[in-house]
Amino acid sequence: YGPHAKPKTDTSPQRLVGSMLTINAPVEANFFDRRVLDEAEGRLAQKGWGGLVSEDRLRRNLLSSQPLAFNLFGFLKQHPRAVIAWLASLGIEALDAEVRIEWAPPRKAHLDTGSAFDVAVIYTAGDGTRGLVAVEVKYSEDLDAQRIDPSAKVLDATRTSGRWHSGASDRLREPR
């Protein structure tokens, strides 16, 4: 059991939670292997990638989607042929692929929302065009409790870009 949140002081009361590692848990405890830990450490040090990486959540929360994203896609990033094969299973014939975890393009380049991808796989297709597969990782989050309020700019882009299924913008506010 570890504290729900990192204590502010040594004498702060702590609510212990079974899904949290202790404060002094080994740094690698929440990661599949050393290479995944290195990927997470590198992302924590990365500046200018947008996205939000919570160090405490990443290192100690056993049920968080952030370590899950790193454990799965950080591992896949070490195996580029596996990423290409995964894209092929989605019907995408890619020549190469780059995996970015907890990343967003510059705000002005994507509707100025500040939103980030849990995982973005940026690839080059056989015809030379570039594409992106975005992955939203959910593990133990309560999706019924989550509500979003997309901006008019986001709703308009969803309706008019031709890249979304008809009616997708109407479902953006639905809890699931």
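Definitions and cut-offs
Residues numbered from 1 in each chain as written. Predicted model: local features only at pLDDT ≥ 70, side-chain atom pairs only at ≥ 80, totals over all residues. Heavy atoms only, no water. Axes fitted to C-alpha atoms, helices over the stretch in contact; angles between N-to-C directions. Helix = DSSP H or I, 4+ residues; strand = E, 2+ residues; numbered from the N terminus. Parallel < 35°, antiparallel > 145°, perpendicular 65-115°, else oblique. Contact = heavy atoms within 4.5 Å. Nonpolar A, V, L, I, M, F, W, Y, C, P; charged D, E, K, R; others polar. Pairing = 2+ DSSP bridges. Buried < 20%, exposed > 50% of the residue type's maximum accessible area, 1.4 Å probe, protein only. Arc of directions from axis to C-beta. pLDDT = per-residue confidence, 0-100. Phe/Tyr/Trp six-rings, centres within 6.5 Å; stacked < 30°, edge-to-face > 60°. Core = buried A, V, L, I, M, F, W, Y, C linked by side-chain atoms within 4.5 Å. Salt bridge = Lys/Arg side-chain N within 4 Å of Asp/Glu carboxyl O.

A.B. asks: I would appreciate a short explanation of the packing of helix 1 (residues 34-45) against helix 3 (residues 65-77) in the present structure.
C.D. replies: When two helices pack together, their arrangement is given by the angle between their axes and by how far apart the axes lie. Put simply, helix 1 and helix 3 touch, their axes get as near as 9 Å, and they point 100° apart. In terms of orientation, helix 1 lies roughly perpendicular with respect to helix 3. Within the contact between the two elements, helix 1 uses Arg-35, Val-36, Glu-39, Ala-40 and Arg-43 and helix 3 uses Phe-70, Asn-71, Gly-74, Phe-75 and Lys-77. Looking at the contact of helix 1 with helix 3, its residues break down into 4 nonpolar, 2 polar and 4 charged.

A.B. asks: Whenever I open this one, the sheet that holds strand 5 (residues 130-135) confuses me. Can you help?
C.D. replies: The strands making up a sheet associate through backbone hydrogen bonding, with each pair oriented either parallel or antiparallel. In space, the 3 strands of this open sheet follow the order 3-4-5, with antiparallel pairing throughout. Every interior strand has two partners, whereas the edge strands, strand 3 (94-103) and strand 5, have only one. Each strand of the sheet is rotated relative to its neighbour by a mean of 20°, with strand direction disregarded. Sheet topology places strand 3 next to strand 4 (residues 117-125); 8 bridges connect them, and they run antiparallel. Residue pairing in the sheet places Trp-103 in a bridge with Phe-117 of strand 4. In the packing of helix 3 onto the sheet, the strands contacted are strand 3, strand 4 and strand 5, and the crossing angle to strand 3 comes to about 155°.

A.B. asks: Teacher, can you tell me more about helix 5 (residues 152-160) here?
C.D. replies: Buried residues of helix 5: Val-154, Leu-155 and Thr-158, and no others. Axial view of helix 5: buried residues confined to an arc of 100°, hence all on one face. For helix 5, the exposed residues set more than 90 degrees away from the buried face come down to Ala-152 and Thr-160. Tucked into the core, helix 5 has its buried residues touching helix 6 (168-171). Once helix 5 finishes, Gly-162 follows within two positions and takes phi at roughly 80°, a positive value.

A.B. asks: Would you take a moment to explain the confidence of the model for the protein chain for this structure?
C.D. replies: Predicted confidence across the protein chain gives a mean pLDDT of 85, with 89% of residues reaching 70 or more. Across the protein chain, helix 4 (residues 80-89) holds the top mean pLDDT of 95, while helix 6 sits lowest at 79.

A.B. asks: Would you take a moment to explain the packing of aromatic side chains for this structure?
C.D. replies: In this description, an aromatic ring pair is defined by two values, namely the gap between the centres and the angle between the planes. In total, this model carries 3 aromatic pairs according to the counting rule given. With a centroid separation of 5.7 Å and an interplanar angle of 75°, the aromatic rings of Phe-73 and Trp-86 are classed as edge-to-face. Here Trp-86 lies in helix 4 and Phe-73 lies in helix 3, a separation of 13 residues in the sequence. Residue Phe-73 is classed as buried on the basis of its relative accessible area of 6%. Here Trp-86 falls in the partly exposed class, since its relative accessible area comes to 26%.

A.B. asks: Can you walk me through the nonpolar core in this structure?
C.D. replies: The tendency in soluble globular proteins is for nonpolar side chains to be buried as a group. The biggest cluster of nonpolar side chains holds 23 residues, and the ones touching the most others in it are Phe-73, Leu-87, Val-99, Val-119, Val-121 and Tyr-123. Taken together, the elements giving at least two residues each to this core come down to helix 1, helix 3, helix 4, strand 3, strand 4 and strand 5. Once residues within four sequence positions are removed from consideration, Leu-87 is found in contact with Ile-92, Ala-94, Ala-97, Val-121, Tyr-123 and Val-133.

A.B. asks: What's the story with the pattern of salt bridges in this structure? I'm lost.
C.D. replies: One pass over the structure, following the stated rule, counts 7 salt bridges. The closest approach of N and O atoms between Arg-34 and Asp-38, which form a salt bridge, is 3.1 Å. One end of the pair is Arg-34 and the other is Asp-38, both in helix 1 and 4 residues apart, which spans about a single turn. Looking at Asp-38, the relative accessible area reads 40%, which means it is partly exposed. Where Glu-98 meets Arg-100, a salt bridge forms, and the shortest distance between an N and an O atom there is 2.9 Å.

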